[in-house]
Protein chains: 2
Amino acid sequence: MENACKHLKTRGIKPSYQRIKIFEYLLRNRNHPTVDMIYRKLVPRIPTLSKTTVYNTLNLFIEKEIASIIIIEENETRYDADTSVHGHFKCRKCTKVYDLDIDLSKIDIPMLAEHSVTEHHFYFKGICKNCR
Amino acid sequence: MENACKHLKTRGIKPSYQRIKIFEYLLRNRNHPTVDMIYRKLVPRIPTLSKTTVYNTLNLFIEKEIASIIIIEENETRYDADTSVHGHFKCRKCTKVYDLDIDLSKIDIPMLAEHSVTEHHFYFKGICKNCR
DNA sequence: TCCATTTTTGTAATCATTACAAAGTATGGT
DNA sequence: ACCATACTTTGTAATGATTACAAAAATGGA
Ligand SMILES: [Mn+2]
Ligand SMILES: [Mn+2]
Ligand SMILES: [Zn+2]
Ligand SMILES: [Zn+2]
């Protein structure tokens, strides 16, 4: 995927090998991974990879807005290459996180009118169709 | 507030002194406090109070469903005596968390139909009316 | 009062994340 | 190619919130 490399450049991120690989992982695996999931998947192919690099890189992606952060459980930060406004559903049995392609920013919430809103987050929890 | 004591009993929670004080704090201060905020506010009046007790008690409240948990930032767990389905707005300047009294469970989200949903969470971030 | 059960407490352990500085790598001018 | 400089990666240590655990304290009934 030369795609990933170009995407990084357009946002002013120098496309180092690690950054490309981490971004490719996010693009290909739409499973909302944690830092640890990304690290464990990549380290066999990049033996020198440091978990710190994964943290640094993801924080850079968030800052440059090519990825978004998903916080559903305390101490389980997940990442998403999809930066559009959308929501998630997490199954408490299989722990899978599903996408919900709904733009909540289009729903009118009068109480928000007086504030200046920059981020929209929503998620649901329960048991998914496959687990019951 | 004898109120708090009765509320605990009806949910099968023995109303110990610490539990009553922590629950009263949640009822009176609708500011979505962290464990640390609750602890620091109560410890002058209950010098023997342990932070572990605050953690244990809040986990019990969540389990017995007399309080709900609010996760907006990673490693900043907040608690709310309001267990109804409602949302929040957090100001990134003054860090205040506002209530949004909207029941998202009433909004139809087709993608959720196939799953069994038990929890609804939503929050927004930005700058509040007082901070701009 | 005695005993069993529950609750509280303090300390240590855990775990995710960040801080930091050293080592490695790329870049651009000479 | 050489060097200086800036950027990136890495490993280790520090941080901070939460939980585990076991001892101490409180409760409540026989
Ligand atoms: Mn997503
Ligand atoms: Mn609330
Ligand atoms: Zn499932
Ligand atoms: Zn504000």
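These numbers come from a predicted model, not from an experiment.

1. A word on the relation of the copies chain B and chain A
Move 1: Overlaying chain B on chain A yields an RMSD of 0.0 Å, the required transformation being a rotation through 180° with an accompanying axial translation of 0.0 Å. Viewed as a symmetry operation, the transformation between the two copies matches a two-fold axis. Within chain B, the C-alpha atom positioned nearest to the axis of rotation is that of F122(B), 2.0 Å from it.
Move 2: Looking at chain B, 100% of its interface residues are interface residues in chain A too, so the copies touch through the same face.

2. Considering the pairing of strand β4 (residues 97–100) of chain A
Remark: a regular strand shows side chains that alternate across the two faces of the sheet.
All names here are of chain A.
Move 1: Pairing analysis gives 4 bridges linking strand β3 (residues 87–91) to β4, with the strands arranged antiparallel. Along β4, the bridge assignment pairs K90 with V97.
Move 2: In this antiparallel pair of consecutive strands, β3 and β4, the connection spans 5 residues, and T95 shows a positive phi of 65°.

3. Concerning the coordination of the zinc ion (ligand 4)
Residues and elements named next belong to chain B.
Move 1: Bound to the zinc ion (ligand 4) are the protein donor atoms C91 (SG), C94 (SG), C128 (SG) and C131 (SG), situated 2.3 to 2.4 Å from the metal.
Move 2: Around the zinc ion (ligand 4), the 4 donor atoms are arranged such that angles at the metal cover 104 to 113°; this shape is classified as tetrahedral.
Move 3: Look at where the donors of the zinc ion (ligand 4) fall in the sequence and you get C-x2-C-x33-C-x2-C.
Move 4: For C94, a relative accessible area of 33% corresponds to the partly exposed category.

4. Points about the coordination of the manganese ion (ligand 2)
Residue and element names in this part refer to chain B.
Move 1: The coordination sphere of the manganese ion (ligand 2) contains the protein donors H32 (NE2), D80 (OD), H86 (NE2), H88 (NE2) and D99 (OD), at a distance range of 2.0 to 2.4 Å.
Move 2: Each donor residue of the manganese ion (ligand 2) belongs to the same chain, and together they define the spacing H-x47-D-x5-H-x1-H-x10-D. Taken together, the residues span a long stretch of sequence, with H88 in strand β3 (residues 87–91) and D99 in strand β4 (residues 97–100) at a distance of 11 residues.
Move 3: By relative accessible area, H88 is classed as buried at 6%.
Move 4: Look at D99 and you get partly exposed, because its relative accessible area is 29%.

5. Here we look at the nonpolar core
Move 1: The biggest cluster of nonpolar side chains holds 26 residues, and the ones touching the most others in it are F89(A), F122(A), F124(A), F89(B), F122(B) and F124(B).
Move 2: Broken down by secondary-structure element, the contributors of at least two residues to this core are β3, β4 and β5 (116–127) of chain A together with β3, β4 and β5 (116–127) of chain B.
Move 3: Sequence-distant contacts of F124(B), that is, excluding residues within four places in its chain, are made with L104(A), I109(A), L112(A), V117(A), E119(A), H120(A), H88(B), F89(B), K90(B) and L100(B).

6. A few points about the packing of aromatic side chains
Move 1: Going through the model one piece at a time under the given rule, you end up with 6 aromatic pairs over all chains.
Move 2: Where F89(A) meets Y98(A), the ring centres are 6.1 Å apart and the plane angle is 55°; that geometry is what we call tilted.

7. Here we look at the protein's contact with DNA strand C
Move 1: Near DNA strand C there are 15 residues, and of these Y55(A), T77(A), S16(B), R19(B) and T48(B) occur at the shortest range.
Move 2: When atoms of DNA strand C within 4 Å of the protein are sorted by moiety, sugar and phosphate together comprise 82%.
Move 3: N59(A) has a polar side-chain atom sitting 3.4 Å from a phosphate oxygen of DNA strand C.
Move 4: The separation between a base oxygen of DNA strand C and a polar side-chain atom of T52(B) is 3.3 Å.
Move 5: Counting only elements with at least two residues in the surface near DNA strand C, the list comes to α4 (51–63) of chain A together with α2 (17–28) and α4 (51–63) of chain B.

Definitions and limits used
- Residues numbered from 1 in each chain as written.
- Chains lettered and ligands numbered in written order.
- Predicted model: local features only at pLDDT ≥ 70, side-chain atom pairs only at ≥ 80, totals over all residues.
- Heavy atoms only, no water.
- Least-squares fit on C-alpha atoms with pLDDT ≥ 70 in both.
- Contact = heavy atoms within 4.5 Å.
- Pairing = 2+ DSSP bridges.
- Helix = DSSP H or I, 4+ residues; strand = E, 2+ residues; numbered from the N terminus.
- Donors = N, O, S within 2.8 Å, 3.2 Å for Na, K, Ca; no water.
- Tetrahedral: all angles 85-135°; square planar, octahedral: opposite > 155°, others 65-115°.
- Buried < 20%, exposed > 50% of the residue type's maximum accessible area, 1.4 Å probe, protein only.
- Core = buried A, V, L, I, M, F, W, Y, C linked by side-chain atoms within 4.5 Å.
- Phe/Tyr/Trp six-rings, centres within 6.5 Å; stacked < 30°, edge-to-face > 60°.
- Near = heavy atom within 4 Å.
- Polar contact = N/O pair within 3.5 Å; in protein donor to acceptor, adjacent residues only side chain to side chain.

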